[in-house]
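If you want the building blocks of each chain, they are given just below.
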Amino acid sequence: MEVLQHLNFGFSVALQPINLIYCFIGVLIGTLVGVLPGVGPSAALSLLLPVTFYVPPVSTIILLAGITYGAMYGGSTTSILVNIPGEAASVVTCLDGYQMARKGRAGAALGISAIGSFFAGTITIFLLIFLAPPLANFALKFGPPEYFSLMVLGLSIMVYLAKGSIINALIMVCFGLIIGCIGLDQITGVPRFVYKSITLMDGIGLVQVVIGLFGVSEVLINVEKSFKREIFDTRVKGLLPNKEEWKRSIGPIGRGSLIGFFLGIIPGMSVVIPTFVSYVLEKKLSRSPEKFGTGMIEGVAGPESANNAASTAVLVPTLSLGIPTGASTALLLGALMIHGIRPGPLLIKESPDVFWGLIASLYIGNIMLIVLNLPLIGLWVKILKVPYHYLFSLILLLCIIGSYITNNNFYDIIIMLTFGIIGYLMKKFNYEAAPLVLALVLGPMMEKAFQRSLMMSEGGFRIFFERSISATFLILALLILISPIFLGKRRLKEELKSGD
Amino acid sequence: MKRIIIYCNIFWLLFAILTCIESYRLKLGEINHPGPGFFPFGAGLVMIILSLMGLFITITKKEEFREVSSEEKIRWWNIIIIIGAISGYAFSLDRVGFLINTFLFITLLLKVIEPQSWKKSIIGGVITAIAANFVFNVVFRVQIPSGILGF
């Protein structure tokens, strides 16, 4: 009953006209960035972060969260109609969604992805309501060693799931941790790796790194070759699936929602992996697995539900533990901190309006998205038809503005450009950006927890293994990292990635 | 491809060694009272081990690394122009200002990367500059330098 009272309070906050407007703007921008290849939710959050300085904290978090889950809806449109995922989480939707479109069922594919996403969003919001507060209470038992070990576990999962070699992913983690050390030391106040630069004194900004790695590098990759994009030229009609398609979609939507939620709450898992797991599971459960890839609605319904569920689930560790699971959630936390709100186990008690207002807004946002997406699909298709040379110049301009307005310092544009070049080279030489970004996000928190743990221990690293929760996290992290040796050349991971 | 992987690992090895040297200069402190260089030194040390492992695996691997062949030539010129344009934008922003900079930036990219006619490029530059100025300076009231135009 107490939960219902809190939820009621949340709705009273989220339904205030100002918050409704920000929720609408958030899901609209989210859908737009999801539709546009090359601009992810992280880049959009980075661009809008400085703008939210003048917006009340509850409205800020509602706006920014709207972008993250709105992008999941938008990403499916490009996957189905263009065979280009607008978002990494929509990659798997291309497999069957595009084939459905070619068979004249584009409307049904778009419809089931929007309805599945709505259903998944609804389920996960309720799971979030019941899971986040107890988790926050449990996290009150955490000291610095537990936090440090949990972050090590998150990074290990990210490394395990990264594309290519584990060594490359671990190198990226170390690189991220080192970049995170640039600036003033949090405990001693000593400047590190700044070389008399005033700009570097505050550290390397996450906004500039994210915009560079994801926005600028994507443009550089696209312009190095002539860019051709074929848009499936058909009228999208009949957005509601037929009776048979409904019947086949119910199971995948339910399973996808649960997979998305339970994988999404694990730090480092990201919203991409649950979509692959859901696809593989649906294929295994299907009576005709050989038809997957030819336009099976289960291959759209499951993964689309999973990515939306995961995009809500990542808020569990973010809000209840104060630990971001990736760049988007790190920027959400950053926005909270700018407004003087301390993320972590005490957030629910100290700022109930933010927590419960956000939860209620998720539900309202999901309704807005389903109302917004189905009738506006024609508009999104038109946006996709905008020639890429107009699009990329605009993307680059937004990248420049986004990195500049954080501190009004033009050196930030140079930092963003540097990371754009680094990101471009990383893509060329098969290094993934996600472990780097997560390490950069967690680095300063990890270092602080590490230093405090060592001070508490009065000598030695034993403290990390003497405390049961911390030891459990570290053992899990070790098992994850050495498991490829026993699983045989990362068979499981490759299987998940190939969706086979 | 094998040679490129080796070069990458050598780069990371040198970067990690440099990090360790710089961290050592910052002072490592003691185990129960870590100094400012302790954490980056540890990260650098792990990076040295990883890059050496990467080098060892690449050098000793017998199987042939697949050469990545590309049918289309890479347009390096486009990349260099974009890097130059962004750098120019950054360094001239305070003096020249947002409006003129944005116009020049967009016109240049439209004219050079996927060449458009002068008319299209200039119209694109003007519209984008005015729209961006309206959105960021007027609607969002973000303080971007107005430069020589003064507005």
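Structure: see above.
These remarks concern the structure in this document. (Residues numbered from 1 in each chain as written. Chains lettered and ligands numbered in written order. Predicted model: local features only at pLDDT ≥ 70, side-chain atom pairs only at ≥ 80, totals over all residues. Heavy atoms only, no water.)

## Concerning the overall build of chain B
When helices and strands are counted, chain B shows 5 helices and 2 strands. Overall, chain B shows an N-to-C arrangement of helices and strands of α-β-β-α-α-α-α. Taken over C-alpha atoms, the radius of gyration comes to 24 Å for chain B, far larger than the 15 Å a tight globule of 151 residues would show. The dimensions of chain B, computed from C-alpha atoms along their principal axes, are 60 × 50 × 20 Å. Within chain B, contacts between residues separated by at least 24 positions form 58% of all contacts whose residues are at least 6 apart in sequence. As presented, chain B carries roughly 9200 Å² of accessible surface, and 69% of it is formed by carbon and sulfur atoms. (Helix = DSSP H or I, 4+ residues; strand = E, 2+ residues; numbered from the N terminus. Rg over C-alpha atoms; globule rule 2.2 N^0.38 Å. Contact = heavy atoms within 4.5 Å. Areas by Shrake-Rupley, 256 points an atom, 1.4 Å probe, with all protein chains shown as cover.)

## So, the overall build of chain A
Counting its regular elements, chain A contains 23 helices and 2 strands. Scaling as 2.2 N^0.38, a compact globule of 500 residues should have a C-alpha radius of gyration of about 23 Å, and chain A matches this with 22 Å. Along the first, second and third principal axes, the C-alpha atoms of chain A reach 65 × 55 × 50 Å. A separation threshold of at least 6 residues defines the contact pool for chain A, and within that pool the share at least 24 residues apart is 80%. Per element, the accessible surface of chain A, about 18800 Å² overall, is 66% carbon and sulfur. When the 35 basic and 26 acidic side-chain charges of chain A are each reduced to a single mean position, those positions are 6 Å apart. (Lys, Arg positive; Asp, Glu negative; His and termini not counted. Charge placed at Lys NZ, Arg CZ, Asp CG, Glu CD.)

## Notes on the interface of chain B and chain A
With 64 residues of chain B at the interface, the matching set in chain A holds 62 residues. Regarding the contact of chain B and chain A, the summed buried area is about 5400 Å², with carbon and sulfur atoms giving 80% of it. Three residues stand out in chain B for area buried against chain A, namely Trp12, Phe39 and Ile86 of chain B, and they jointly supply 13% of the buried area on that side. Remark: the boundary between chain B and chain A carries 0 salt bridges. Linking chain B to chain A there are 6 residue pairs in polar contact (both at pLDDT 80 or more). Partitioning the side of chain B that touches chain A into residue classes produces 40 nonpolar, 16 polar and 8 charged. (Buried area = accessible area lost by both parts, 1.4 Å probe. Salt bridge = Lys/Arg side-chain N within 4 Å of Asp/Glu carboxyl O. Polar contact = N/O pair within 3.5 Å; in protein donor to acceptor, adjacent residues only side chain to side chain. Nonpolar A, V, L, I, M, F, W, Y, C, P; charged D, E, K, R; others polar.)

## Some words on the packing of helix H4 (residues 57-82) of chain A against helix H6 (residues 106-139) of chain A
Residues and elements named next belong to chain A. The geometry of H4 relative to H6 is characterised by a closest axis approach of 10 Å and an angle of 160° between their N-to-C directions. As the angle between them shows, H4 and H6 are arranged roughly antiparallel. For the pair H4 and H6, the crossing hand works out as right-handed. Contacts between H4 and H6 involve Tyr73, Ser76, Thr77, Ile80 and Leu81 from the former and Ala106, Ala109, Leu110, Ser113, Ala114, Ser117 and Phe118 from the latter. (Axes fitted to C-alpha atoms, helices over the stretch in contact; angles between N-to-C directions. Parallel < 35°, antiparallel > 145°, perpendicular 65-115°, else oblique. Left-handed = near helix turned anticlockwise from the far one by under 90°.)

## Digging into the packing of helix H5 (residues 91-102) of chain A against helix H12 (residues 273-285) of chain A
All names here are of chain A. With their axes 8 Å apart at the nearest point, H5 and H12 run at an angle of 40° to one another. Viewed along their axes, H5 and H12 adopt a mutual orientation that is oblique. Along the contact surface, H5 presents Val91, Val92, Leu95 and Asp96, while H12 presents Thr275, Phe276 and Tyr279. A class-by-class count of the residues in the contact of H5 with H12 yields 5 nonpolar, 1 polar and 1 charged.

## What about the nonpolar core?
One recurring pattern in soluble globular proteins is that nonpolar side chains are buried together. With 192 residues, the main nonpolar core has Ile82, Ile86 and Phe105 of chain B as its most contacted residues. The element best represented in this core is helix H17 (residues 352-384) of chain A, accounting for 16 residues. Both domains that furnish three or more residues to this core are identified here as domain 1 (2-60) and domain 2 (76-139) of chain B. Grouped together as the second largest cluster of nonpolar side chains are 6 residues, Val272, Tyr279, Phe292 and Met296 of chain A included. (Core = buried A, V, L, I, M, F, W, Y, C linked by side-chain atoms within 4.5 Å. Buried < 20%, exposed > 50% of the residue type's maximum accessible area, 1.4 Å probe, protein only. Domains from an automatic or database assignment.)

## Concerning the state of the cysteines
This model, assessed by the stated rule, comprises 0 disulfides over all chains. With no disulfide of its own, Cys20 of chain B has Cys174 of chain A as its nearest cysteine by sulfur position, at a separation of 9.9 Å. Note on Cys20 of chain B: relative accessible area 8%, which makes it buried. (Disulfide = S-S within 2.5 Å.)

## Some points on the environment of Glu114 of chain B
Take Glu114 of chain B: it is sitting in the loop between helix H4 (98-112) and helix H5 (118-139). Glu114 of chain B sits 36 residues away from Asn78 of chain B along the chain, and the two C-alpha atoms are 8.9 Å apart.

## Details of H5 of chain B
Residue and element names in this part refer to chain B. Over its 22 residues, H5 extends 30 Å from the first C-alpha to the last, a length consistent with the 32 Å expected when each residue adds 1.5 Å. Every buried residue of H5 is accounted for by Ser121, Gly124, Gly125, Thr128, Ala129, Ala132, Asn133 and Phe136. Arg141 sits one or two residues past H5 and shows a positive phi near 50°. (Expected span 1.5 Å × (residues − 1).)

## Considerations on the pattern of salt bridges
Summed over all chains, the structure comprises 10 salt bridges over all chains. A salt bridge links Lys427 of chain A to Glu218 of chain A, with the shortest nitrogen-to-oxygen separation between them at 3.1 Å. Here the residue Lys427 of chain A occupies a position in helix H19 (residues 411-428), and Glu218 of chain A occupies one in helix H10 (residues 206-223), the gap between them amounting to 209 residues. The class for Glu218 of chain A is partly exposed, based on a relative accessible area of 24%. For Arg25 of chain B, the salt bridge is made with Glu22 of chain B, and the minimal N-O distance between the two is 3.0 Å. Pair noted here: Arg25 of chain B and Glu22 of chain B are both in helix H1 (residues 2-25), with a separation of 3 residues, about one helical turn. Of the residues examined, Arg25 of chain B reaches a relative accessible area of 62% and is grouped as exposed. Given the relative accessible area of 16%, Glu22 of chain B is considered buried. The network of salt bridges with common partners includes Asp185, Arg192 and Glu447 of chain A.

## With respect to the packing of aromatic side chains
For any pair of aromatic rings, the description consists of the separation of the ring centres together with the inter-plane angle of the planes. A full pass over the atoms with the stated rule returns 22 aromatic pairs over all chains. Consider the rings of Phe142 of chain A and Phe473 of chain A, whose centres lie 6.0 Å apart with planes at 70°: the pair is edge-to-face. Note that Phe142 of chain A is positioned in the loop between H6 and helix H7 (144-161) and Phe473 of chain A in helix H22 (residues 468-487), a separation of 331 residues in sequence. Take Phe473 of chain A: its relative accessible area is 14%, and that puts it in the buried class. Ring geometry for Phe175 of chain A versus Phe15 of chain B: centroids 5.3 Å apart, planes at 80°, classification edge-to-face. Here the residue Phe175 of chain A occupies a position in helix H8 (residues 166-181), and Phe15 of chain B occupies one in helix H1, the pair thus bridging two chains. Within the aromatic cluster, the residues linked to one another by ring pairs are Phe148, Phe450, Phe461 and Phe464 of chain A together with Phe38 and Phe39 of chain B. (Phe/Tyr/Trp six-rings, centres within 6.5 Å; stacked < 30°, edge-to-face > 60°.)

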